[in-house]
Amino acid sequence: MDFFSGDPSSRRKVDLGGRSNKERDREKLLEEARLEREQRKRVRLHNQSAAQIQKCFRGRKVVAVARPAIRSEFCSHFGEFGEKADSTVFRSSSKYFPQLFFFFNEKDAGDCQRLVQACRLLQQSLRETGDVVALFTENGQIDGPLVIYRVKRLTRICLQTLHVHRNSLKAELLQPVQAFNSLTNSATLLLDTVLTLTGDNLPWSEVVLKYLLQYKLFYLLRGIFLMVEPEEKTTKMTCIESAVLVFASRHVRRLRSDTSKLTKGSFSTDILSIPLVWKRFPIFKQECIKEKIWAHSVHQIAASLSELPGILPPDTCPGFPSSVCLLGNLLEIAAAAMRGPDCELKLASDFALVTRYLMERLPASFYKFVKALDEGYEDEMDVDGFGKVTTPEPELKEQLKYAEEYELLKTLVRVTCSSSASSSTEAPSSTEAAAVGAVCAFLYATFTVLPSNLVMTGLAYRAELVPQLWQYIKRCHLAHSWPSLELVGDPSDAQLPADLLGWMLPLAVFCPVFSYLLTTIDNEEFYEQQRPLSLEDLVQLVTILKEALWQLLWVMSAKPPSIVSTQRLGQTLQNRMFSSKAIRDRVADVSASLLAALHDRNSRRQFSPPQHFHAREAVDENFFAQAEGENTRAQYLLRKAPFLVPFTDRVRIYTSQLTAARQHSTHQTPFPRLRVRIRRDRIIEDAFAQLNPLAEEALRGTIRVTFVNELGVEEAGVDGGGIFKDFMENITKAAFDIQYGLFKETSDHLLYPNPASNMVHDDHLHYFEFLGKILGKAMFEGILVDIPFATFFLSKLRNKHNFLHDLPSLDPELYRSLLFLKHYSGDLSQLGLFFVIENNEYGEQMEIELLKDGKDMPVSNKNKINYIHLVANHRLNTQIRQQSSYFLRGFQQLIKMEWINMFNEQELQILISGSQEGMDVNDLRSNVHYAGGYSETHPVIEMFWDVVKTLDMDLQQKFLKFVTGCSRGPLLGFKYLEPRFCIQRAAPEDASEETLDRLPTSATCMNLLKLPPYRSKETIQEKLLYAITAGAGFDLS
């Protein structure tokens, strides 16, 4: 409803655009005129289209009406099925073929018989004259265009008829090739006619073949091939196989002189993408290899990779995608063909190029790691050009395993790396680099798609990839020039820059294979025989790896990569396999694993100075600041490749992490300080009963200890931290003593869990969990304890698996025996060994099978490697699996894995026990505080330090324990001792002799030594030695 506004005058409308009404009307008029023109144009096009359609319809209607009449005329003149015709029908003036072409319908049975009769007449005439061209000659002349037209039409309708009636003609098509001589076999007559009229020696052959290819020659033949099921495989060369081979050979010969790219309907796309084609036609596979048809197909596809997805035929069924079938068939035929020494570099390079490209585009259901890559997304997904994920056929997945064939891998590596095997130090040529890059990309894709064990085994042992690819990497390194590589067929904006891909791809393949090889190489092979690389080469390899990792993890990494991609799952799989992020992450992972394995070997027996593994001599404060944060580059680098950072810097980061965790526990824990009462003669049992049930939060909190001596009396002293340190040293000494039965020692007196601990303690596993907590608590509080662990058990603290080369840390004698078996050249079966191992614990002998029915499986030269590794695995992993698992469970309640994974086993032992070099007296003196009148130049202090310097290592450790509660100094030196060590005068300068007869005392919670002002060095030595060796608990404090 409108209401009166109070203003009777109407408001004038003002155009703020600054234009007059006339100008506005002009624009409106022009727009209306444009719209009218477009409307007239649409009407005109509509009328023209309607007229064209009507014309076509009328023409077809007239033809349809005329066909029966022409057919009747044909039958009256040449017979019902052309039986009255003779060889003159092939001449230009004859109406035989024009009439046949006009009314022919491949679905009409009568027309098909007439076509077969025409083909029969052609073969009969050729048997008489032997000259195809002469049949089409009239009066000594030949009408070229007309003949070509008729040959084109005849060959085309023959193929179409075969395709339409392929099921009814199946038996005839699958007859042996000798059936081509028959004039009664309809199918072979049709095929033979096409083959005859496209012969190489005919003047029109190339034109006709090009015409047939344009009208889907191989697509029609594909339909015929598909009528043979894989289980119906042929055993002899059939007519259809022979025909396809002839067409393929002619097609290949034409391609050699034709630079045109791959098009729809070619042999490469339509025949080689038939599901399991070699299983259907095994003889056909051998002929394709013999005639090198498959090789030319590979070259053709390689030249047109980017167009391939658009020209492949439609999928036969959901379980057999055409692209995957093409990949499987290429892999299968290559496994058979690429075995000899005559494989060319171009073929190896193009084959690797094509198969890599197809592997990238595998549907998700064929992908080994798609689920991990896209965790959090739905399984059903739309993948670029391939539709929904479908369940792959098992036979097709099995066909993809031909990529694991040892001979195929061996040939690819040999051919592409052969030129790098020389001692040349020049940078590789562009051709060589492209071939190596193509093969490395193929192997990288293979690692991604297939389970890697068989691939790794083939590359490591059969193909010997490591020494051969190393020569290529070494040449690039020495020449300071890594060739640029591109992934042919992929859009350039979706891949890494070519210069980065040039060094990342070879490392992405080399590193995992070398790491795999190192798990089986013993120390004699590695150091004495220097296999697979010399020690000099290993030093260069370390340089390459550390620089690559530093670039990947620190310089190039703006932020640490996230585990789960945030992009839509609709992104194509190939973009993820070879995306910048995927390749960088992969190279970082495998390079770091290899560098860690080499660092581990070097820690046990040096082939390079330890500092050679450091990317930089020291890291800056920016790095330390990031290391203490969350989700930073520094943290990511320390998690991936900690050995790039010097040990002292890593210890500094580790101690800062522990300090932060202790402070967090102090502020966050709801538990008050826990007090426990411990009897010294029952320290393990009392501690287990009171501490083992505690929750993780309580264990991280402050624990105060009151000791009870042998008389049942509480010891003097208030625990400000010092008594707890003493408790930790005593319980670790008692619980890890081999006399207690939970641990055993090696010949080098290094500790590891007792495999027979269940025979000593009924509740042994919970005791292992408790001891894990005790060790974790000691490390959490920064208390060093003297527990020398065996290296292979320290690996368990890092959640690592032990291998053969770790066996010397447990049983050097067994290790030498296994090496003897490994290198034994005689007949091992004569030694009477079986896949069993004997355990003899506490007089009880037990036989354990290493494999099912191992007691009946003799060790031979063929299976000795498996036996050796099974024995090593049993000793190093299996027999202590339960004990290690429970120990680690307790340990991880206090110590995060990310903290200790920054260190290898030898470094971890230093974190636990400190350096074995003894106390640095000068370092302690430089970081001491004086109180009560003492100073650095005080005579008593000078005499005191002279006495301390004369103490041996054992007495120095006792002195440290006396004043700090711990016999080991801080990892980074006494500068980091909290609180700072202090020496306080315990009496006046003019104290009486009776007062000066007292012993020095200490307050370990404050790292305080109370030292009376003795008057001679001898007195200081006597009193100090008595105090630190008395072993009277805290009664002297």
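Before reading further, recall that the structure is shown in the block above.
Note that the structure is predicted; figures quoted are calculated from it, not measured.

## A word on the overall build of the protein
Part 1 of the reasoning: Along the protein, the regular secondary structure elements total 45 helices and 12 strands.
Part 2 of the reasoning: Here the protein holds 1037 residues, and the buried ones make up 51% of them.
Part 3 of the reasoning: Put simply, of all contacts in the protein between residues at least 6 apart along the chain, 77% involve residues at least 24 apart.
Part 4 of the reasoning: Counting only carbon and sulfur atoms, one obtains 50% of the accessible surface of the protein, whose full area is about 49,100 Å².

## Focus: the packing of aromatic side chains
Part 1 of the reasoning: What the rule picks out here adds up to 48 aromatic pairs.
Part 2 of the reasoning: Seen from their ring centres, Y654 and F903 are 5.7 Å apart, and the 85° between their planes marks the pair as edge-to-face. With Y654 in helix 31 (residues 647–668) and F903 in the loop between helix 40 (897–900) and helix 41 (905–913), this pair connects stretches of sequence that are 249 residues apart.
Part 3 of the reasoning: A residue is classified by how much of its surface remains accessible, and Y654, at 2% relative accessible area, is buried.
Part 4 of the reasoning: What makes F903 buried here is its relative accessible area of 0%.
Part 5 of the reasoning: Ring geometry for F944 against W945: centres 5.1 Å apart, planes inclined by 70°, an arrangement best described as edge-to-face.
Part 6 of the reasoning: By relative accessible area, W945 is classed as buried at 0%.
Part 7 of the reasoning: Within the aromatic cluster, the residues linked to one another by ring pairs are F74, F78, F90, Y96, F97, F101, F103, F136 and W204.
Part 8 of the reasoning: A cation sits over an aromatic face here: R889 above Y886, 4.2 Å from the ring centre.

## Overview of the sheet that holds strand 10 (residues 981–985)
Part 1 of the reasoning: Across the sheet, which stays open at both edges, the four strands sit in the order 9-10-12-11 with mixed pairing between neighbours. Among the strands making up the open sheet, the edge pair consists of strand 9 (928–931) and strand 11 (1001–1003). Each strand axis lies, on average, 20° off the axis of its neighbour in the sheet, ignoring direction.
Part 2 of the reasoning: Summarising the sheet, strand 10 and strand 12 (residues 1008–1011) pair through four bridges and their orientation is parallel. Pairing of C982 across the sheet is with L1008, part of strand 12.
Part 3 of the reasoning: Strand contacts of helix 43 (residues 939–950): strand 9, strand 10 and strand 12, with the helix running at about 130° to strand 10, the strand carrying the most contacts.

## Here's the deal with a nonpolar patch on the surface
Part 1 of the reasoning: Residues M759, V760 and Y842 make up a contiguous nonpolar surface patch of about 290 Å² in total accessible area.
Part 2 of the reasoning: Structurally, Y842 is set in the loop between strand 7 (836–841) and strand 8 (844–849).
Part 3 of the reasoning: Using a relative accessible area of 53% as the deciding quantity, one classes Y842 as exposed.

## Notes on the pattern of salt bridges
Part 1 of the reasoning: As enumerated under the stated definition, the model contains 43 salt bridges in all.
Part 2 of the reasoning: With a shortest N-O distance of 2.9 Å, E432 and R475 are connected by a salt bridge. With E432 in helix 21 (residues 430–449) and R475 in helix 23 (residues 465–478), this residue pair connects regions lying 43 residues apart in the sequence. Both residues of the pair, E432 and R475, count as buried.
Part 3 of the reasoning: Close ionic contact of R816 with E813 constitutes a salt bridge, the shortest N to O distance being 2.9 Å. Of this pair, R816 and E813 both sit in helix 37 (residues 812–822), three residues apart, which is roughly one turn of the helix.
Part 4 of the reasoning: Judged by relative accessible area, E813 falls into the partly exposed class, the value being 48%.

## A word on the side chain of R222
Part 1 of the reasoning: Within the element layout of this structure, R222 appears in helix 9 (residues 217–225).
Part 2 of the reasoning: Buried charge without a partner: R222 forms no salt bridge, and the closest opposite charge is D270, 5.5 Å away.
Part 3 of the reasoning: Setting aside residues no more than four positions away along its own chain, R222 makes contact with T269, D270, I271, S273, I274, P313, P314, T316 and S322.

## Overview of helix 2 (residues 96–103)
Part 1 of the reasoning: Most of helix 2 sits out of view: six of its eight residues are buried.
Part 2 of the reasoning: Three or more residues of helix 2 are buried, namely Y96, F97, Q99, L100, F101 and F103.

## What about a positive patch on the surface?
Part 1 of the reasoning: Judged by side-chain charge, R37, R40, K41 and R44 come together as a positively charged surface patch.
Part 2 of the reasoning: By the secondary structure assignment, R37 is in helix 1 (residues 21–78).
Part 3 of the reasoning: Judged by relative accessible area, R37 falls into the partly exposed class, the value being 47%.

## Structural notes on the packing of helix 3 (residues 109–129) against helix 7 (residues 186–197)
Part 1 of the reasoning: For the pair helix 3 and helix 7, the least separation of the axes is 9 Å and the interaxial angle reads 60°. With respect to each other, helix 3 and helix 7 are oriented oblique. Considering the relative orientation of helix 3 and helix 7, their crossing is left-handed. Residues L115, V116, C119, R120, L122, Q123 and L126 of helix 3 lie in contact with helix 7, whose contacting residues are S186, L189, L190, D192, T193, T196 and L197.

## Concerning the nonpolar core
Part 1 of the reasoning: Grouped together as the largest cluster of nonpolar side chains are 282 residues, with contacts concentrated most on F510, L598, F727 and F789.
Part 2 of the reasoning: When residues of this core are assigned to their parent elements, the largest contribution, 13 residues, is made by helix 24 (residues 498–518).
Part 3 of the reasoning: Those residues within four positions of F727 in sequence are excluded, and the remaining contacts are I678, I683, A687, L691, V705 and F707.
Part 4 of the reasoning: Judged by nonpolar contacts, the second largest core, of 30 residues, contains V921, I941, W945 and F974.

## Quick word on unusual backbone geometry
The general pattern is negative phi for most residues beyond glycine and trans for most peptide bonds.
Part 1 of the reasoning: For the peptide bond that leads from R531 to P532, omega is 5°, which places it in the cis range.
Part 2 of the reasoning: As for its position among the elements, P532 is in the loop between helix 25 (523–528) and helix 26 (535–555).
Part 3 of the reasoning: At K292, a position not held by glycine, the phi torsion is positive, near 60°.
Part 4 of the reasoning: The backbone of N799 shows a phi angle near 60°, a positive value even though the residue is not glycine.
Part 5 of the reasoning: Mapped onto the elements of the fold, N799 is located in the loop between helix 36 (791–797) and helix 37.

## Considerations on the environment of F643
Part 1 of the reasoning: Topologically, F643 is positioned in the loop between helix 30 (633–640) and helix 31.
Part 2 of the reasoning: Dropping the residues within four chain positions of it, F643 is found in contact with A596, H599, F613, H614, R650, M902, F903, N904 and E907.

## Here's the deal with the side chain of D600
Part 1 of the reasoning: Tracing the sequence through the fold places D600 in helix 28 (residues 580–604).
Part 2 of the reasoning: For D600, a relative accessible area of 5% puts it in the buried group.
Part 3 of the reasoning: Contacts of D600, omitting those with residues within four sequence positions, involve H805, E905 and Q906.

## Re the pairing of strand 9
Part 1 of the reasoning: Only one face of strand 9 is covered, namely the one carrying V928 and Y930; the face carrying H929 and A931 has none of its residues buried.
Part 2 of the reasoning: Inspection of the sheet shows strand 9 paired to strand 10 by four bridges, in the parallel sense. Within strand 10, the position partnered with A931 by the bridge is Q984.

So, how was this worked out
- Residues numbered from 1 in each chain as written.
- Predicted model: local features only at pLDDT ≥ 70, side-chain atom pairs only at ≥ 80, totals over all residues.
- Heavy atoms only, no water.
- Helix = DSSP H or I, 4+ residues; strand = E, 2+ residues; numbered from the N terminus.
- Buried < 20%, exposed > 50% of the residue type's maximum accessible area, 1.4 Å probe, protein only.
- Contact = heavy atoms within 4.5 Å.
- Areas by Shrake-Rupley, 256 points an atom, 1.4 Å probe, with all protein chains shown as cover.
- Phe/Tyr/Trp six-rings, centres within 6.5 Å; stacked < 30°, edge-to-face > 60°.
- Lys NZ or Arg CZ within 6 Å of the ring centre and 35° of its normal.
- Pairing = 2+ DSSP bridges.
- Axes fitted to C-alpha atoms, helices over the stretch in contact; angles between N-to-C directions.
- Patch = residues over 30% accessible without salt bridge, like charges linked within 9 Å, V, L, I, M, F, W, Y side chains within 5 Å.
- Salt bridge = Lys/Arg side-chain N within 4 Å of Asp/Glu carboxyl O.
- Lys, Arg positive; Asp, Glu negative; His and termini not counted.
- Charge placed at Lys NZ, Arg CZ, Asp CG, Glu CD.
- Parallel < 35°, antiparallel > 145°, perpendicular 65-115°, else oblique.
- Left-handed = near helix turned anticlockwise from the far one by under 90°.
- Core = buried A, V, L, I, M, F, W, Y, C linked by side-chain atoms within 4.5 Å.

Functional significance is not addressed by these values, which are geometric in nature.
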